[in-house]
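# Structural overview
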Amino acid sequence: MFLIRFLTVLALSCGLSLARAEPLVLLTENLPPFNMSISGTNYARDDGVTGISSDILRAVCERAEMECQQILRFPWQRVYQQTLDDVGYGLFSTARTAEREGLFKWVGPIARNEWVLFAKGDSPIQLASIEDARRYRIGGYKGDAKTQFLLDRGLEVQTALRDTENVRKLERGQIDLWVTSNQAGRFVARQEGMENLRVVQHLHTAELYLALNLQTPDEVVQKLQAALDALRAEGALKNIEARY
């Protein structure tokens with residue numbers, strides 16, 4: 001007992017903490033092929049989460065010798081707000097936009113995401129620019145950066161809590177265009193039994209990051225970034241991407 005008290009006093013006098021280091025909790029959503037639950041449900045954790053970004057971050061944490069948990073939940077707005085509010089949390093795969101820049105600390109890029117407007121494959125719609133899309137009914141995912149991209153430019157977007165709703169709306173003719181990711185949108189549409197999609201406008205190519213709560217120590221951010229950079233230099237990231 002005396003030894004424990006002595007070590008405690010010594011640690012405190014040196015400004016050290018005896019608290020056990022907690023694992024970094026990395027939150028995500030279903031955004032295939034970047035992050036998704038193996039079961040296809042809206043909740044998964046650790047080995048139940050897969051995808052390009054998920055596998056890359058798993059390798060990054062291992063290289064950085066940091067304990068990281070991965071938790072997939074729904075909806076995006078919930079995990080986004082939790083990362084803003086709670087120390088020890090991160091969020092992926094996150095587009096690093098000007099509006100978000102000062103809200104998080106960033107590690108990346110971990111992947112690239114093409115933002116597009118989809119129409120049905122047999123649709124006659126032709127767009128020369130984003131402005132031409134104003135004439136059409138557009139569906140998007142609530143709280144998503146791609147949806148916000150159009151809203152910021154004054155376009156109207158019908159938002160849905162699940163992106164699968166937009167697939168069904170497009171198929172039924174309730175919307176004319178769907179703003180989504182080229183990669184993720186096609187994946188989600190295939191799961192809903194719809195493959196007949198056509199890109200009518202390329203909007204943006206976004207680099208995807210791990211966004212960390214602002215209270216994350218800089219040394220943690222630096223260790224993760226160094227691990228990511230080393231894995232990229234070794235070609236490990238390309239090998240992971242090739243699996244999907």
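Just above, that's the structure.
On a predicted model such as this, the values are computed, not experimentally measured, just so you know.

## Quick look at the packing of aromatic side chains
- Per the counting criterion, the structure on display carries 6 aromatic pairs.
- A centroid spacing of 5.4 Å and a plane angle of 80 degrees characterise the contact between Tyr80 and Phe104, whose relative ring orientation is edge-to-face. Placement of Tyr80 in helix α3 (residues 76-85) and of Phe104 in the loop between β6 (89-95) and β7 (105-120) is noted, with a sequence separation of 24 residues between them. Accessibility classification places Tyr80 together with Phe104 in one group, the buried group.
- Three or more aromatic residues link up through ring pairs in this structure, and these residues are Trp76, Tyr80, Phe104, Trp106 and Tyr209.
- When the ring centre of Tyr209 is taken as origin, the NZ or CZ atom of Arg96, which lies over that ring, is 5.0 Å away.
- In this structure, Arg153 is placed above the aromatic ring of Phe149, and the distance from its NZ or CZ to the ring centre is 3.6 Å.

## Brief notes about unusual backbone geometry
- Look at the link from Pro32 to Pro33: it is a cis peptide, with omega at 5 degrees.
- With respect to the secondary-structure elements, Pro33 resides in the loop between β1 (24-28) and β2 (36-37).
- Cis geometry is found at the peptide bond from Gly108 to Pro109, where omega equals 0 degrees.
- Looking at the element boundaries, Pro109 is found in strand β7.
- Positioned with a positive phi, Asp46 is a non-glycine residue whose angle comes to about 50 degrees.
- Its place among the elements puts Asp46 in the loop between β3 (44-45) and β4 (49-50).

The rules behind the values
- Residues numbered from 1 in each chain as written.
- Predicted model: local features only at pLDDT ≥ 70, side-chain atom pairs only at ≥ 80, totals over all residues.
- Heavy atoms only, no water.
- Phe/Tyr/Trp six-rings, centres within 6.5 Å; stacked < 30°, edge-to-face > 60°.
- Helix = DSSP H or I, 4+ residues; strand = E, 2+ residues; numbered from the N terminus.
- Buried < 20%, exposed > 50% of the residue type's maximum accessible area, 1.4 Å probe, protein only.
- Lys NZ or Arg CZ within 6 Å of the ring centre and 35° of its normal.

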